[in-house]
Amino acid sequence: MKIKSAEFVVSNSDVDKCPKSRLPEYAFIGRSNVGKSSLINMLTNRKSLAKTSGKPGKTQLINHFLINKNWHLVDLPGYGYARVSKSSKKVFQKFITQYFGLREQLVTAFVLVDIRHKPQPIDLEFMQWLGEHGIPFSIIFTKADKLKPKAINNHIDDYKTILLETWEDMPNHFITSSSKNIGKDELLNYIDSLNSNMVMDSQ
Ligand code: GTP
Ligand code: MG
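Residues numbered from 1 in each chain as written. Chains lettered and ligands numbered in written order. Predicted model: local features only at pLDDT ≥ 70, side-chain atom pairs only at ≥ 80, totals over all residues. Heavy atoms only, no water.

## Remarks on the pattern of salt bridges
Step number 1: Using the criterion set out here, one finds seven salt bridges in the structure.
Step number 2: The salt bridge involving R31 is made with D123; its shortest N-O contact spans 4.0 Å. Of this pair, R31 sits in the loop between β2 (25-30) and α1 (36-44) while D123 sits in helix α4 (residues 121-132); the two residues are 92 residues apart in sequence, bridging distant segments of the chain.
Step number 3: Here K118 and D158 are joined by a salt bridge, their closest N and O atoms 3.0 Å apart. Taken as a pair, K118 in the loop between β5 (106-114) and α4 and D158 in helix α5 (residues 149-163) lie far apart in primary sequence, 40 residues in all.
Step number 4: Its relative accessible area of 25% is what places D158 among the partly exposed residues. (Salt bridge = Lys/Arg side-chain N within 4 Å of Asp/Glu carboxyl O. Helix = DSSP H or I, 4+ residues; strand = E, 2+ residues; numbered from the N terminus. Buried < 20%, exposed > 50% of the residue type's maximum accessible area, 1.4 Å probe, protein only.)

## Describing the site of ligand 1
Step number 1: Near ligand 1 there are 22 residues, and of these S38, G57, T59, D145 and S178 occur at the shortest range.
Step number 2: Calculation on ligand 1 without its partners gives an accessible area of 660 Å², and the protein chains cover 85% of this total.
Step number 3: The cavity that encloses ligand 1 is the largest pocket.
Step number 4: By residue class, the composition of the shell around ligand 1 is two nonpolar, 14 polar and six charged. (Near = heavy atom within 4 Å. Areas by Shrake-Rupley, 256 points an atom, 1.4 Å probe, with all protein chains shown as cover. 1 Å grid on protein atoms, 1.4 Å probe; cavity = no way out; pocket = protein on both sides within 12 Å on 5 of 7 lines; lining within 4 Å. Sits in = over half its atoms within 2 Å of the grid points. Nonpolar A, V, L, I, M, F, W, Y, C, P; charged D, E, K, R; others polar.)

## Considering the environment of R22
Step number 1: For R22, the location among the structural elements is in the loop between β1 (6-12) and β2.
Step number 2: By relative accessible area, R22 is classed as exposed at 58%.
Step number 3: Spatially, the C-alpha atom of R22 lies 31 Å from that of S53, the residues being 31 residues apart in sequence.
Step number 4: In contact with R22, not counting residues within four places along its chain, are E104 and Q105. (Contact = heavy atoms within 4.5 Å.)

## What to know about the coordination of the magnesium ion (ligand 2)
Step number 1: All of the protein donors around the magnesium ion (ligand 2) are S37 (OG) and T59 (OG1); their distances to the metal are 2.0 to 2.2 Å. Note that S37 is positioned in helix α1 and T59 in the loop between α1 and β3 (62-67), a separation of 22 residues in sequence. (Donors = N, O, S within 2.8 Å, 3.2 Å for Na, K, Ca; no water.)

## Structural notes on the packing of aromatic side chains
Step number 1: The full count for this structure, using the stated rule, is 14 aromatic pairs.
Step number 2: Measuring from ring centre to ring centre gives 6.2 Å for F110 and Y190, while their planes differ by 75°; the resulting arrangement is edge-to-face. Residue F110 is found in strand β5, and its partner Y190 is found in helix α6 (residues 184-201); the two are separated by 80 residues along the sequence.
Step number 3: By the ring-pair criterion, three or more aromatic residues cluster together here, those being Y26, F28, W71, F110, F174 and Y190. (Phe/Tyr/Trp six-rings, centres within 6.5 Å; stacked < 30°, edge-to-face > 60°.)

Put into structure tokens, the structure is as follows:
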């Protein structure tokens, strides 16, 4: 899929104020600093459509971007970074939970994890939570430029081993690097195929 247009639509912390259109949407979620906003910029060929930062906690709201005038990409705040209390660390911001609970336009979530790290409980718990709520997701491994191919494979194998303890199959996954433009076509083609299915479903 070619990106012909990408525009910022709205930021808010209230799911009711998200765009009312029925356009299919895809949300990026994951720990703070994992590279959600950077990946949105990479996919859309824009330097600063989504705001990024070296410091965790940059994205604080639900941000909708309209792509090619017919689908939405959603940049969400990260979990796991808490200047807030310990109790709210696990059950991250209420509006994020509401977003996933209420947003019927969501086709699939993309859970981003940093390829450099071993599987982390907070990410596994979040995937479990999505599964329990019947929300489809894929995993996006980020920052692949930081590791050699062998280490990348080892880390993905670690994920496979641990996920297959609870899941029947390894979830769909993608390897990406925003700084080296890795994984862009695979991700966009995947979204394109899901968008086409949505059109077929509604006919
Ligand atoms: P929050 O909004 O705080 O939740 O973070 P985020 O997940 O949106 O991360 P963001 O895109 O702001 O990136 C965080 C940092 O990681 C920035 O310093 C980026 O430059 C860096 N970064 C993001 N993607 C990559 C990547 O693919 N490779 C490398 N080397 N650095 C990356
Ligand atoms: Mg961000």
